[in-house]
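# Geometric and topological summary
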Amino acid sequence: MSTRRILTALAFLTLIVLLVGQVRQFLADPTFWPPDDYIEYWAAAQLNFNGENPYDRTLLQPLQVANGRDTKDGVMMWNPPWTLAVVFPLGLIPSREGQLLWLAFNILVVVFCGDRLWRFYGGSAEKRWIGWMIAGCTLPCIFALQTGQIGPILLLGAVLFLEFERRGWHYAAGAATVLLAIKPHLAYLIWVAILCRALTENRWKVIIGGAAMGLICSLVPLLTNPEVWHQYFDALANRPPVEWRTPTFGVVLRLAFGLEHFKLQFIPVLFGLAWFAIYYARQSKRWSWDEQVPLLLAVSFLTAPYGAWPFDMPLLLPAAMYLVLKGEASTRRVVFAGLIALNLACVVGNIFKINMFWYILFTPALLLLYRIGTRPSSVPDATQLPDPRAVPA
């Protein structure tokens with residue numbers, strides 16, 4: 001065995017030993033890495049599994065406090081009940097073991113999505129580790145992993161949709177969008193685009209696949225809690241999260257005209273729909289989901305009515321990966337430097353505990369880079385210029 005392989009094996013063994021030690025400490029010490037937002041999914045799954053209301057703060061709070069979350073008010077999972085089909089397994093295991101498995105699963109999802117996006121947009125198989133690094137080292141993905149949020153699962157829905165669409169598996173592509181529907185407001189232009197493509201091409205397989213999977217996932221939580229949909233709508237109608245100051249332009253409007261005007265948060269959606277109408281009219285005849293999904297996700301995120309927290313930003317990874325691999329060669333260095341600067345800005349914001357509202361600037365900056373990186377250049381690529389030393393025929 002070569003020295004290189006021996007050193008690699010020793011490094012891997014050391015990593016395993018350290019990882020086992022961390023896992024043992026994690027399971028033995030409840031104060032070591034206490035649960036953050038993960039606990040909202042675990043507690044909701046527990047309550048629903050026992051036939052209780054997963055959208056009742058008074059039931060969530062004692063369960064969450066007893067399992068390590070220091071909170072005076074229950075942290076509610078505002079996602080629609082079909083989300084419970086995804087987090088349902090967490091209700092079957094203790095909180096700490098569930099937190100560990102949830103973290104491991106989401107790490108695998110992030111690496112998988114980085115790998116598939118890298119290959120999807122033309123990255124070489126030999127350098128696919130770069131895709132893993134881009135996904136794993138992007139601070140929004142780290143935010144999601146650290147807090148135990150569900151952002152990587154949304155990203156998985158977008159990636160699987162792209163994969164299945166390219167393969168022509170339209171029913172499966174529709175089924176994958178159920179993962180995006182966990183937070184449908186963050187990807188609402190995807191639904192509009194799917195409907196427009198169905199109407200213009202008379203192809204309904206994606207919608208049928210999505211509707212079928214959505215129905216299945218909607219029925220799963222009813223097996224143990226037949227009232228769950230009524231409980232969800234009751235929470236929306238009577239206890240909406242009006243106190244949230246999410247990093248969205250809808251909240252900017254509320255800050256300007258009065259926080260009591262909750263409906264102002266939906267005005268940016270109108271601008272998003274108006275943009276889509278113009279954009280679709282120009283692109284409909286040469287539509288390609290490969291090219292459109294990253295941009296649609298970014299514009300949806302920019303104009304989302306609420307949410308769009310830093311830990312939801314893994315949804316912007318397709319746009320970043322598209323720029324890295326498919327952006328114009330003449331601006332690639334500038335765009336790549338801009339992406340690094342955005343990530344470093346997130347690092348600085350995290351270190352100095354900057355209010356999450358200021359992350360509202362992230363998506364506009366990314367879209368500016370997207371505009372720069374995808375705008376056709378009037379200067380030809382240097383690799384395509386004629387050789388000046390060539391002798392004319």
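Above this text is the structure in question.
Rules of the game
- Residues numbered from 1 in each chain as written.
- Predicted model: local features only at pLDDT ≥ 70, side-chain atom pairs only at ≥ 80, totals over all residues.
- Heavy atoms only, no water.
- Helix = DSSP H or I, 4+ residues; strand = E, 2+ residues; numbered from the N terminus.
- Rg over C-alpha atoms; globule rule 2.2 N^0.38 Å.
- Buried < 20%, exposed > 50% of the residue type's maximum accessible area, 1.4 Å probe, protein only.
- Contact = heavy atoms within 4.5 Å.
- Axes fitted to C-alpha atoms, helices over the stretch in contact; angles between N-to-C directions.
- Parallel < 35°, antiparallel > 145°, perpendicular 65-115°, else oblique.
- Nonpolar A, V, L, I, M, F, W, Y, C, P; charged D, E, K, R; others polar.
- Salt bridge = Lys/Arg side-chain N within 4 Å of Asp/Glu carboxyl O.
- Phe/Tyr/Trp six-rings, centres within 6.5 Å; stacked < 30°, edge-to-face > 60°.
- Lys NZ or Arg CZ within 6 Å of the ring centre and 35° of its normal.
- Arc of directions from axis to C-beta.
- Expected span 1.5 Å × (residues − 1).

## Things to note about the overall build of the protein chain
A tally of helices and strands in the protein chain yields 18 helices and 0 strands. For 393 residues, the compact-globule formula gives about 21 Å, and the C-alpha radius of gyration of the protein chain, at 23 Å, lands near that figure. Burial analysis of the protein chain (393 residues in total) assigns 47% to the buried set. Long-range pairs, those at least 24 residues apart, make up 72% of the contacts in the protein chain with a sequence separation of at least 6.

## A few points about the packing of helix H14 (residues 267–283) against helix H15 (residues 289–302)
Following both chains from N to C, one finds H14 and H15 inclined at 170°, their axes separated by 12 Å at the closest point. Judged by the angle between their axes, H14 and H15 are roughly antiparallel. Contacts from Trp275, Phe276, Tyr279 and Gln283 in H14 reach Gln292, Leu295, Leu296 and Val299 in H15. Here the contact of H14 with H15 is built from residues that sort into 6 nonpolar, 2 polar and no charged.

## Here's the deal with the environment of Ala298
Assignment of secondary structure puts Ala298 in helix H15. Excluding residues that lie within four positions of it along the chain, Ala298 makes contacts with Leu316, Thr363 and Leu367.

## Some thoughts on the pattern of salt bridges
Enumeration according to the criterion identifies 11 salt bridges in this entry. A salt bridge links Arg69 to Asp36; the nearest nitrogen and oxygen atoms lie 3.5 Å apart. Taken as a pair, Arg69 in the loop between helix H3 (57–66) and helix H4 (83–87) and Asp36 in the loop between helix H1 (3–28) and helix H2 (38–49) lie far apart in primary sequence, 33 residues in all. Among the residues examined, Asp36 registers a relative accessible area of 31% and is labelled partly exposed. Put simply, Asp115 and Arg128 hold a salt bridge, and the shortest N to O gap is 2.6 Å. Of this pair, Asp115 sits in helix H5 (residues 95–120) while Arg128 sits in helix H6 (residues 128–137), and the two are 13 residues apart along the sequence. A relative accessible area of 10% means that Asp115 is categorised as buried. Residue classification places Arg128 among the partly exposed positions, given a relative accessible area of 27%. The network of salt bridges with shared partners includes Asp115, Arg116, Arg128, Glu163 and Arg167.

## Some details on the packing of aromatic side chains
Summed over all chains, the structure comprises 22 aromatic pairs. With centroids separated by 6.1 Å and ring planes inclined at 90°, the aromatic side chains of Trp229 and Tyr232 adopt a geometry described as edge-to-face. Linking Trp229 with Tyr232, this pair stays in helix H12 (residues 228–238), spanning 3 residues, or about one helical turn. Aromatic side chains Trp229 and Phe233 sit 5.7 Å apart centroid to centroid with 35° between the ring planes, which places their arrangement in the tilted category. On the criterion of helical spacing, the pair formed by Trp229 and Phe233 is a turn pair, its members being 4 residues apart in helix H12. Within the aromatic cluster, the residues linked to one another by ring pairs are Tyr55, Trp82, Trp229, Tyr232 and Phe233. The side chain of Arg166 reaches across the aromatic face of Phe120, ending 3.7 Å from its centre. In this structure, Arg167 packs its charged tip against the face of Trp169, placed 5.3 Å from the ring centre.

## Details of the environment of Gln99
Topologically, Gln99 is positioned in helix H5. Gln99 sits 145 residues away from Trp244 along the chain, and the two C-alpha atoms are 25 Å apart.

## A look at H12
Every α-helical turn comprises 3.6 residues, leaving residues that sit three or four positions apart pointing alike. Within H12 the residues assigned to the buried category are Val228, Gln231, Tyr232 and Ala235. Looking down the long axis of H12, one finds its buried residues gathered within 100° of arc, a one-sided arrangement. Opposite the buried face of H12, at more than 90 degrees from it, the exposed residues are His230, Ala237 and Asn238. The secondary structure elements touched by the buried residues of H12 are H2 and H4.

## Overview of H2
With 12 residues, H2 should cover 16 Å at 1.5 Å per step; its first-to-last C-alpha distance of 17 Å lies within 8% of that length. Counting buried positions over the 12 residues of H2 gives 11, a clear majority of the element. Listed as buried for H2 are Tyr38, Ile39, Glu40, Tyr41, Trp42, Ala43, Ala44, Ala45, Gln46, Leu47 and Asn48. Contact partners of the buried residues in H2: H3, H4, H5, helix H7 (139–147) and H12. Of the residues flanking the end of H2, it is Gly51, one or two places downstream, whose phi is positive at about 80°.

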